[in-house]
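Given next are the chains, with one letter for each unit.
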Amino acid sequence: MLRIGHRGAARLAPANTLAAIEAALAVGIDAVELDVLSVGGRVVLSHSARELASEPVTLDDALELLAQRAPETLVVADMKVSGPAFERDLVDLLRRHEAVPRALAASGSADVLRRVQKLEPALATSLTYPRGRFFLLKRLALPFRIAGLLEAAGASATTLRHPVISRPVVERCHELGVPVLAWTVNRPSVLARLDALGVDGVITDDPRIFPTS
Amino acid sequence: MRRSGPAALAFLACAAAGVLAAFVLAGGVGAQGLLTTGTTSTGTTTEPEPTLVPPGVTIAGIPVGGLTADSAIFTVQERFNRGIPLVLNRQRRLAPTPGVVGATARVEAAVQRALTAAPGETVPLTVLVSEERLFAYTATVARRFNRNPLDAQVFLRRGRPKVVTERLGVAVQRSQLAGAIHKRLVTMSRAAVRVPTRVSMPETTRRTFRNVIVIHRGSNRLELFNYERLRKRFRVATGQSVYPTPLGRFHIAVKWRNPWWYPPNSRWAQGLKPVPPGPDNPLGTRWMGLSAPGVGIHGTPNPGSIGYSVSHGCIRMYIPDAEWLFNVVDIGTTVFIVPG
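Criteria and thresholds
- Residues numbered from 1 in each chain as written.
- Chains lettered and ligands numbered in written order.
- Predicted model: local features only at pLDDT ≥ 70, side-chain atom pairs only at ≥ 80, totals over all residues.
- Heavy atoms only, no water.
- Helix = DSSP H or I, 4+ residues; strand = E, 2+ residues; numbered from the N terminus.
- Rg over C-alpha atoms; globule rule 2.2 N^0.38 Å.
- Buried < 20%, exposed > 50% of the residue type's maximum accessible area, 1.4 Å probe, protein only.
- Contact = heavy atoms within 4.5 Å.
- Areas by Shrake-Rupley, 256 points an atom, 1.4 Å probe, with all protein chains shown as cover.
- Lys, Arg positive; Asp, Glu negative; His and termini not counted.
- Charge placed at Lys NZ, Arg CZ, Asp CG, Glu CD.
- Salt bridge = Lys/Arg side-chain N within 4 Å of Asp/Glu carboxyl O.
- Pairing = 2+ DSSP bridges.
- Right-handed = clockwise from strand over helix to strand, strands pointing away.
- Axes fitted to C-alpha atoms, helices over the stretch in contact; angles between N-to-C directions.
- Phe/Tyr/Trp six-rings, centres within 6.5 Å; stacked < 30°, edge-to-face > 60°.
- 1 Å grid on protein atoms, 1.4 Å probe; cavity = no way out; pocket = protein on both sides within 12 Å on 5 of 7 lines; lining within 4 Å.
- Points joined across faces, edges and corners; volume = space filled by probe spheres on them.
- Nonpolar A, V, L, I, M, F, W, Y, C, P; charged D, E, K, R; others polar.
- Expected span 1.5 Å × (residues − 1).
- Arc of directions from axis to C-beta.

S.K.: Explain the overall build of chain A to me, and be specific about the residues and the numbers.
M.R.: For chain A, the count of helices and strands is 7 helices and 9 strands. Its C-alpha atoms give chain A a radius of gyration of 16 Å, within 12% of the compact-globule value 17 Å for 213 residues. Taking the principal axes of the C-alpha coordinates as reference, chain A spans close to 40 × 40 × 30 Å. Relative to its 213 residues, chain A shows a buried fraction of 60%. Long-range pairs, those at least 24 residues apart, make up 58% of the contacts in chain A between residues at least 6 apart in sequence. Accessible area of chain A: about 8,400 Å², with a carbon and sulfur share of 54%. Positive and negative charge centroids in chain A, built from 25 and 24 side chains respectively, lie 8 Å apart.

S.K.: Can you tell me about the pattern of salt bridges, naming the residues and giving the values?
M.R.: Scanning all chains against the criterion turns up 15 salt bridges over all chains. With a shortest N-O distance of 3.9 Å, B:E78 and A:R11 are connected by a salt bridge. One end of the pair, B:E78, is in helix α3 (residues 69-81); the other, A:R11, is in the loop between β1 (2-6) and α1 (18-27), on a second chain. For B:K162, the salt bridge is made with B:E228, and the minimal N-O distance between the two is 3.9 Å. Here B:K162 is found in strand β9 (residues 160-164), whereas its partner B:E228 is found in the loop between β14 (221-226) and β15 (229-235), with 66 residues between them in sequence. Linked through salt bridges whose partners overlap, the residues forming this network are A:R11, B:E78 and B:R82.

S.K.: How would you sum up the pairing of strand β5 (residues 103-107) of chain A? Please name residues and give values.
M.R.: Residues and elements named next belong to chain A. The buried fraction of β5 is high, at 5 of 5 residues. The two faces of β5 match: A103, A105 and S107 on one face and L104 and A106 on the other face are all buried. Pairing of strand β4 (residues 74-79) with β5 involves 4 bridges; the strand directions are parallel. Considered in β5, the bridge of A77 is made with A105. Note that the unit made of β4, helix α3 (residues 84-96) and β5 has a crossover that is right-handed. Note that the unit made of β5, helix α4 (residues 110-119) and strand β6 (residues 124-129) has a crossover that is right-handed.

S.K.: Outline the sheet that holds strand β13 (residues 212-216) of chain B, supporting the account with residue identities and numerical values.
M.R.: All names here are of chain B. Pairing within the open sheet is mixed, and its 8 strands lie in the order β15-β14-β13-β22-β17-β18-β19-β21. Across the chains shown, the open sheet's two edge strands, defined by having one partner strand only, are β15 and β21 (315-317). Along the sheet, successive strands turn relative to each other by an average axial angle of 25°, direction set aside. Sitting on the sheet, helix α7 (residues 319-328) touches β13, β14, β15, β17 (248-257), β18 (286-290), β19 (296-299) and β21, and the angle it makes with β18 is about 60°.

S.K.: Lay out the sheet that holds strand β11 (residues 193-194) of chain B in plain terms, naming residues and giving numbers.
M.R.: All names here are of chain B. The mixed open sheet is built from 3 strands, whose spatial order is β4-β3-β11. Either end of the sheet is taken by a strand with one partner, and the two such strands are β4 (93-94) and β11. Two elements, strand β3 (residues 86-87) and β4, share 2 bridges in a ladder whose sense is antiparallel. By the bridge assignment for β4, V87 is matched with R93.

S.K.: Mind laying out unusual backbone geometry, listing which residues take part and the relevant values?
M.R.: Cis geometry is adopted by the peptide bond preceding A:P130, which originates at A:Y129 and carries an omega value of -5°. Structurally, the position occupied by A:P130 is in the loop between β6 and α5 (135-153). Even without being glycine, B:N258 reaches a positive phi, approximately 40°. Along the chain, the position of B:N258 falls in the loop between β17 and β18.

S.K.: I'd like a rundown of the packing of aromatic side chains, residues and numbers included.
M.R.: Residue and element names in this part refer to chain B. Per the stated rule, a full pass over the model turns up 3 aromatic pairs over all chains. Ring centres of F234 and W324 lie 5.8 Å apart, and the angle between their planes is 50°; this geometry places the pair in the tilted category. Taken as a pair, F234 in strand β15 and W324 in helix α7 lie far apart in primary sequence, 90 residues in all. Using a relative accessible area of 5% as the deciding quantity, one classes F234 as buried. Judged by relative accessible area, which is 28%, W324 ranks as partly exposed. Taken together, a centroid distance of 6.2 Å and an interplanar angle of 15° make the contact between W260 and Y262 stacked.

S.K.: Can you lay out the pairing of strand β8 (residues 180-183) of chain A for me, pointing to particular residues and giving the numbers?
M.R.: All names here are of chain A. Burial along β8 is two-sided: V180 and A182 and L181 and W183, pointing in opposite directions, are all buried. Here strand β7 (residues 157-161) pairs with β8 via 4 bridges, running parallel. Each bridged residue has a counterpart across the sheet, and for L160 the counterpart in β8 is A182. For the crossover from β7 across helix α6 (residues 167-175) to β8, the handedness is right-handed. Note: β8 against strand β9 (residues 201-204), 2 bridges, orientation parallel.

S.K.: An account of the layout of surface pockets is needed here, citing residue identities and associated values.
M.R.: Estimates place the volume of the largest pocket at around 640 Å³. Taken together, 24 residues form the lining of the largest pocket, with B:W261, B:P264, B:W268, B:L283 and B:C314 sitting closest to its centre. Across the lining of the largest pocket, the residue classes break down as 15 nonpolar, 8 polar and 1 charged. Volume-wise, the second largest pocket comes out at about 400 Å³. Taken together, 25 residues make up the lining of the second largest pocket; nearest its centre are A:D78, A:K80, A:G108, A:T128 and A:W183. Sorting elements by how many residues they give to the lining of the second largest pocket places β4(A) first, with 3 residues. The residue inventory of the lining of the second largest pocket, partitioned by class, reads 9 nonpolar, 9 polar and 7 charged.

S.K.: Pulling in residues and values, what's your account of α3(A)?
M.R.: Every α-helical turn comprises 3.6 residues, leaving residues that sit three or four positions apart pointing alike. All names here are of chain A. In this model, α3 (13 residues) spans 18 Å end to end at C-alpha, consistent with the 18 Å of a helix rising 1.5 Å per residue. Listed in full, the buried residues belonging to α3 are F86, E87, L90, V91, L93 and L94. For α3, the angular spread of the buried residues around the axis is 160°, confining them to a single face. Pointing more than 90 degrees away from the buried face of α3 are the exposed residues P84 and R96. In this fold, the buried residues of α3 make contact with β2 (31-39), β3 (42-45), α2 (59-69), β4, β5 and α4. Phi turns positive one or two residues past the end of α3, at E98, with a value near 50°.

Note that all results are geometric; they support no functional claim without further evidence.
Next comes the structure, spelled out in structure tokens:
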């Protein structure tokens, strides 16, 4: 199972900062999930424009840090906005840092993912689901819908909020050759449930929930 | 659980190819196969190891083992800063942060101690609470949650009584609340606090309107309602046009059995003498005096007048009806007199 730090490691340091990435690396992770959006033509780390720090960290700096400290770490870029300019900037940045092969572009929008693939076919994409609530209904329906959703987005992975993950949906995804990443898991009991279902990666605020081996 | 970087990246790349081929079932093998064949490595290359908190150390129950000092400070501060849920009922709740109630924690000092603690040790967290600010905060809670009791009410709607149920008064017990919040702060618990309150009753409750009388002056009817439901209907006599029965909302002020009749100070009664209880008494056997002066509901020795507007303002009933009604209603029972 891939151990993925949410916004770096949001429980251990302020989210979407270099300190959060450092904290995640210190505990030990395989990948970091970072929220990315565009501010004044720069790709920065932030969950939303409203929560923007006064001096937001750029994705450039984050990738630089990872290249120096832990070059094998994977990057899940959670695209919080859309737009051709932003998508082009993001792809350019990943190319410049030679991070395309170890990056995963995640979005809830099939259109965004389609555009990203057109820009850079070598970049893996992940469809994020769901956006709203009503997890039980979505969880029941998802095994029947997931193939269509993934096909519409052309995604090679899926990032699912953990309450919608069930055994049938994991099995269906694996039939399709699509890994399942779960967000945002902060309780060991939830982690154990997902582990038993064979989920491929878990995104967490606190990477210490992963058993050390 | 651990997987090498290259294996994982191959896993994602393979999955990328997998989707294109997914529908011919090629990707599944690739993704799954690689998933189970990672070689173990750290996945991170760390430079000079920063000082870490020894494994298993907790600060006031929060595990900080293996964290750097900065991470430990952040994680403890974040846990301390969480709101304390104050619950009045399902809909009404607050969650003040410790800062709002005037509490701070000596997080850095605790982390310094944690760095040099023995593995598995529990380091206490010093929490400072300003008693004045905490008590001042309870005034905010009281302003939000306190409410005065509201009396039950009755009014007429389309000729029928409509009863509005009373509302209980709530007063937050500020000292008890401050004590409960204080306890949560110093024990680092964020379990919900049930806001302690004192409940006060309104003076008038719904039960006051168990009986409501509605008198229709025009059609000479008296209706007795049980709350909003019609229970019984009587034919009565009401005041003639010269001495009309007053309209409005009244209540039963007095109840007399076998009353004497005294001539009122009115022109029609001039020269008449008081009448003792008996078959000729104009009030029959029961008198239910209303809050309107000189007006009441009573039996009559003159049953022929029932159904007509012939009295001098009073509401006359058949003697058995008046005796029955007398036993049902109480002093204070609401009486509406309407024109229709």
